[in-house]
Amino acid sequence: MSVLVVGSVAFDTLETPSGRRERVLGGAATHFALAASFFTKVRVVGVVGEDFLPEHEAVLTSRGIDTAGLEHVPGKSFHWSGSYMRDLSSADTLATDLNVFADFAPKIPTSYLDTEYLFLANIDPVLQERVRSQMPGVKLVAGDTMNYWISAHRQNLLKVLRELDVLVINDHEARMLSGETNNVRAARGVLGLGPKSLVVKYAEHGSAAFFSPSSFGNGKQHKLFRAPATPTEDVVDPTGAGDSFAGGFFGYIASQKQLTPDVFRKAMFYGCALGSLSVEDFGAERLQRTTREEIDRRFDELREISHL
Ligand code: AMP
């Protein structure tokens, strides 16, 4: 089994109460790929510039991630700069330098065409749609988005939502998409836009899964589910927590034969485990030194704190 992720591979400049880091390896696809690589084979589609060196690519390939779909072009890689000085739970974007990402036209290598699990990370919904249509044989499609696409590119985004088996977003995005302030109504509103299921991340308050009545053939077997978050006192840098959650969640699903309700629930616990690990250091540094044993220990802790 393998997962294909399309999204940003970036350099991030980060400012949090724990310090500042210049141009660390980041991007939604990077965080997702590292997290998913603990469970399954991962393939990346993205674009980088000349500043993306062999040592950066080695961060991915040393975890077995296939980078055949990572295009190298002249120019500089995408750069994002964010500050969490005002609020540790939401970034203030200081700069978004698209650079080579501005002309990104995703190309799927032929060696990727047998991929069964597709994750459309947060990029222009037009590109998400283009990748989706180049992968007619996929078994399951999940995706993410962000406030910018919800408000400024809604019509394009709505087309993508109708194609998704799982939409993974945070609670602000669910409220924005639906126009509802109550979390349950917001989830119902989002499901009304077409995704078969919805995973909403509530940061340190955990996550919840909601299912459309038509989800996965007989959707009635899947029921509302809430997963806790690991209690974490020292959040160093929240960047990439959402993508790491998605990588743990979808990577685990791809490693299983069938998407049963039990698998979906365990996947949410693995998502929480990866999300909580990723915030313990800047950028993707924590996931680079994570072990599968650590992830499983965190999974067990989550089980302990949430079961009677
Ligand atoms: P997260 O904290 O999980 O929401 O995602 C953080 C990652 O998203 C960072 O590593 C950024 O490089 C990346 N990112 C920020 N803005 C954008 C954007 N407009 N398009 C694609 N990726 C972005």
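Please refer to the structure placed before this passage.
The following refers to the structure shown. (Residues numbered from 1 in each chain as written. Predicted model: local features only at pLDDT ≥ 70, side-chain atom pairs only at ≥ 80, totals over all residues. Heavy atoms only, no water.)

## A closer look at the sheet that holds strand 8 (residues 117-120)
Note the cut-off: By the convention used here, strands pair only if DSSP detects at least 2 bridges between them. The way it works is that DSSP assigns letters per residue, a run of H or I at least four long becomes a helix, a run of E at least two long becomes a strand, and they are numbered from the N terminus. In this analysis, axes come from line fits to C-alpha atoms, helices being fitted only over the stretch in contact, and the angle between any two N-to-C directions falls in the range 0 to 180 degrees.
One open sheet holds the nine strands; their spatial order is 5-4-1-8-9-10-11-12-13, and the pairing between them is mixed. Each end of this open sheet is capped by a strand with a single partner; those strands are strand 5 (66-72) and strand 13 (225-227). Each strand of the sheet is rotated relative to its neighbour by a mean of 15°, with strand direction disregarded. Summarising the sheet, strand 9 (residues 140-143) and strand 10 (residues 166-170) pair through two bridges and their orientation is parallel. Bridge pairing in strand 10 links G143 to L167.

## With respect to the side chain of D171
Counted only if it meets this: Throughout, exposure labels follow a simple rule: accessible area from a 1.4 Å probe, protein chains only, divided by the maximum for the residue type, with under 20% read as buried, over 50% as exposed, and the rest as partly exposed. Contacts are assigned to residue pairs that have any heavy atoms within 4.5 Å of one another.
Mapped onto the fold, D171 is located in helix 6 (residues 171-178). Residue D171 is classed as buried on the basis of its relative accessible area of 15%. If near-sequence neighbours (up to four positions away) are discounted, D171 is found in contact with N183, V200, K201 and Y202.

## What to know about the site of the ligand
Let me state the cut-off plainly: Each residue is tested against the molecule or strand, and it is near if at least one of its non-hydrogen atoms lies within 4 Å. Polar contacts, as counted here, are pairs of nitrogen or oxygen atoms within 3.5 Å of one another; within protein the pair requires one atom able to donate a hydrogen and one able to accept it, and residues that are adjacent in sequence qualify only if both atoms are side-chain atoms. Note that accessible areas follow from Shrake-Rupley with a 1.4 Å probe, and for residues the cover is restricted to the protein chains shown.
Around the ligand lies a shell of 15 residues, among which S8, D12, G27, G240 and D243 are the nearest. Residue H31 places a side-chain N or O atom 3.4 Å away from an oxygen atom belonging to the ligand. In the model, an oxygen atom of the ligand is placed 3.4 Å from a nitrogen or oxygen of the G242 main chain. Protein coverage of the free-state accessible area of the ligand, which is 510 Å², stands at 80%. Of all the secondary-structure elements, those providing two or more residues to the shell around the ligand are strand 2 (10-16), strand 6 (78-83) and helix 8 (241-254). Per-element tally for the shell around the ligand: the top contributor is helix 8, with three residues.

## Let's talk about the nonpolar core
A general trend in soluble globular proteins is that nonpolar side chains are found buried together. Quick note on the threshold: By nonpolar core we mean a set of buried residues, namely Ala, Val, Leu, Ile, Met, Phe, Trp, Tyr and Cys, connected to one another through side-chain atoms within 4.5 Å.
Counting residues in each nonpolar core, the largest one holds 58 residues, and the members touching the most others are V5, F119, V199, F249, F250 and F264. Considering every element that reaches this core, the biggest residue donor is helix 9 (residues 261-278), with 10 residues. Here F119 is in contact with L4, V5, V6, F32, A142, G143, D144, V168, A246 and F250, once residues within four sequence places are set aside. Counting 43 residues, the second largest nonpolar core, distinct from the first, contains F104, L127, I150 and L164.

## As for helix 8
Here is the rule: An expected span of 1.5 Å times one less than the residue number is assigned to each helix.
Helix length check: helix 8, at 14 residues, gives a terminal C-alpha distance of 20 Å against a target of 20 Å (1.5 Å per residue), a fit within 8%. Of all the 14 residues making up helix 8, 13 are buried; the element is thus mostly covered by neighbouring parts of the structure.

## Let's talk about the sheet that holds strand 7 (residues 92-97)
Pairing within the open sheet is mixed, and its four strands lie in the order 3-2-6-7. Each edge of the open sheet carries a strand with a single partner, namely strand 3 (19-26) and strand 7. Across the sheet, the mean angle from the axis of one strand to that of its neighbour is 15°, orientation sign disregarded. As judged from the five bridges shared by strand 6 and strand 7, these two strands associate in the antiparallel manner. Within strand 7, the residue paired with S81 across the bridge is A95.

## A few points about the packing of helix 1 (residues 28-36) against helix 8
So the rule is basically this: Here roughly perpendicular refers to angles of 65 to 115 degrees, roughly parallel to angles under 35, roughly antiparallel to angles over 145, and oblique to all remaining angles. Crossings are sorted by hand: turned counterclockwise from the far helix by less than a right angle, the near helix makes the crossing left-handed, and turned clockwise it makes it right-handed. Polarity classes work like this: nonpolar for Ala, Val, Leu, Ile, Met, Phe, Trp, Tyr, Cys and Pro, charged for Asp, Glu, Lys and Arg, and polar for all others, with Gly in that last group.
At their nearest, the axes of helix 1 and helix 8 sit 7 Å apart, and the two run at 40° to each other. Regarding the angle of helix 1 to helix 8, the classification is oblique. Note that helix 1 runs across helix 8; the crossing there is right-handed. Across from A28, H31, F32, A35 and A36 in helix 1, the residues of helix 8 making contact are D243, S244, A246, G247, G248, F250 and G251. Residues that form the contact of helix 1 with helix 8 fall into these classes: six nonpolar, five polar and one charged.

## A closer look at the packing of aromatic side chains
For clarity, the cut-off: Centre distance within 6.5 Å is the pairing criterion for rings of Phe, Tyr and Trp, where only the six-membered ring of Trp is used; planes under 30 degrees apart are then read as stacked, over 60 as edge-to-face, and the remainder as tilted. Charge over a ring is defined by NZ of Lys or CZ of Arg lying within 6 Å of the ring centre and within 35 degrees of the ring normal.
Within this structure, the stated rule accounts for 16 aromatic pairs. Ring centres of F245 and F249 lie 6.3 Å apart, and the angle between their planes is 20°; this geometry places the pair in the stacked category. Of this pair, F245 and F249 both sit in helix 8, four residues apart, which is roughly one turn of the helix. A network of ring pairs unites the aromatic residues F39, F225, Y252, F269, Y270 and F299 as a single cluster. Here R63 stacks its cationic end above the ring of F38, 3.9 Å away from the centre of that ring.

## Overview of the pairing of strand 2
Where a strand is regular, its side chains alternate between the two sheet faces. With six of seven residues buried, strand 2 is to be regarded as a mostly interior element. In this structure, the hairpin formed by strand 2 and strand 3 is closed by a connection of two residues.

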